[in-house]
Amino acid sequence: MRVIMIGFGSVGKAFGEIVKKSSGLLIKRYRITPKVVAIVDRGGAIINQQGVDLQEAISARLSSGSVAGHRILGHKGTTALTVIDRVEADVLLELTPTNLPDGEPGLTHIESAIKKRLNVITTNKGPLAAAMPSLLELARYQGVHLRFSGTVGGGTPILNFAKECLTGCRIESIEGILNSTTNHVLTRMADAGITLNEALKEAQDAGYTEADPSYDINGLDTASKLVIMSNWIMGRRVSIRDVDIEGISNVSVEDVENAKRSEKAIKLVGLINDSEISVHPRTVPFDNPLCVKGTLNAVAFKTDLAGTITVTGRGAGGTETASAVLRDLIDIKRTLLE
Ligand SMILES: NC(=O)c1ccc[n+]([C@@H]2O[C@H](COP(=O)([O-])OP(=O)(O)OC[C@H]3O[C@@H](n4cnc5c(N)ncnc54)[C@H](OP(=O)(O)O)[C@@H]3O)[C@@H](O)[C@H]2O)c1
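Residues numbered from 1 in each chain as written. Predicted model: local features only at pLDDT ≥ 70, side-chain atom pairs only at ≥ 80, totals over all residues. Heavy atoms only, no water.

Caption draft 1: The arrangement of the domain arrangement of the protein in detail. Domains assigned within the protein are domain 1 (2-155 + 318-337) and domain 2 (158-314). Domain 1 puts 20 residues into the contact, and the matching count from domain 2 is 21 residues. Taking both sides of the interface into account, the surface hidden between domain 1 and domain 2 amounts to around 1,800 Å²; carbon and sulfur atoms contribute 66%. In this assembly, domain 1 and domain 2 are joined by two salt bridges. A salt bridge links Arg314 to Glu320; the nearest nitrogen and oxygen atoms lie 2.8 Å apart. (Domains from an automatic or database assignment. Contact = heavy atoms within 4.5 Å. Buried area = accessible area lost by both parts, 1.4 Å probe. Salt bridge = Lys/Arg side-chain N within 4 Å of Asp/Glu carboxyl O.)

Caption draft 2: How the structure looks around the packing of helix α1 (residues 10-21) against helix α3 (residues 54-64). Taken N-terminus to C-terminus, the directions of α1 and α3 make an angle of 150°; their axes are 10 Å apart at the nearest point. Between α1 and α3, the interaxial angle falls into the category roughly antiparallel. Both α1 and α3 take part in a crossing whose hand is left-handed. Residue-level contacts link Lys13, Gly16, Glu17 and Lys20 of α1 to Leu54, Gln55 and Ile58 of α3. Among the residues forming the contact of α1 with α3, the class breakdown is two nonpolar, two polar and three charged. (Axes fitted to C-alpha atoms, helices over the stretch in contact; angles between N-to-C directions. Helix = DSSP H or I, 4+ residues; strand = E, 2+ residues; numbered from the N terminus. Parallel < 35°, antiparallel > 145°, perpendicular 65-115°, else oblique. Left-handed = near helix turned anticlockwise from the far one by under 90°. Nonpolar A, V, L, I, M, F, W, Y, C, P; charged D, E, K, R; others polar.)

Caption draft 3: Quick look at the packing of aromatic side chains. The final tally for this structure, using the stated rule, is two aromatic pairs. Summarising the aromatic geometry, the rings of Phe148 and Trp232 are spaced 4.9 Å apart at their centres and angled 75° between planes, so their arrangement reads as edge-to-face. One end of the pair, Phe148, is in the loop between β7 (146-147) and α7 (158-165); the other, Trp232, is in helix α11 (residues 220-232), and 84 residues separate them in sequence. Phe148 sits in the buried class, given a relative accessible area of 2%. (Phe/Tyr/Trp six-rings, centres within 6.5 Å; stacked < 30°, edge-to-face > 60°. Buried < 20%, exposed > 50% of the residue type's maximum accessible area, 1.4 Å probe, protein only.)

Written as structure tokens, this is what we have:
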């Protein structure tokens, strides 16, 4: 399968490494041979229809700051849209940074690729939060696949679990801890008695958060994941404007201590049920499976037949999230073979 990668940061590079390391297994077990034919970053592109050598792309970035620095195959200043238009491929990986609420530039990349009848895999929540119903409709109309399992839970297969393992059940509600940064910050506030700003600074120094963690703290990141789950799992056409959002910036050490005294923790909880779709700091009892610590995510699906089932795992990480990209790629390949 010929693959174009837009974005070569922690997820993009990890995907490249997985493909290189696991090529034998991918062919043997899944009969899939991903061939990266172009990689684009902000400096330009590296293009080779015979297959880009990922080590050379990494070296070009290291020496010049962009994959476009490659001596022979580099194209300085070439944009993602030009590559989508001109390079022959089967799948586009959209791995650029999340931008909320307008979803750009990822939204335009995804729309353009679908219009060119490319299958699309993205880990970028922005375009989905802004325009998921219309993107799904466009993909259906063009007869291509749009996959995004890495957008919720990193490598933890939360979307796949709900879609594939709860067949026959009605999901009555979804409740989850969906943001690793805020969960880490709230955990440190409770465990070390430090303020939100101190916990955030600590997390930034340790490299757990992005340079600008405002989407995490103000609840927008969790809200965008709720939009994806609502559309994909519950079949409800909503966008980020429909979510009632409150972040954690007003949570004090005192609030956390009070909760602790009654055997509870304050968590940033995303909730979807028949009457609401919301993000709020809420108290969660210590013995509730949702009460996970640190950078873990947890999502509880309340169903009519199977009871409540909670899925837990690491919510982020380049390699973990790249594993979701690979899962989507194998899924698309399987569907194309059917
Ligand atoms: N990392 C995680 O744990 C994780 C987990 C779940 C979801 N995600 C999502 O996955 C996406 C990628 O994450 P990441 O951690 O890999 O991000 P990252 O390390 O910041 O990398 C982003 C890449 O996108 C490139 N880029 C930015 N604007 C571009 C444009 N207009 N055209 C072409 N390339 C452009 C950047 O180019 P330069 O290198 O030139 O700046 C960089 O290579 C994000 O949307 C993120 O929210 C990440």
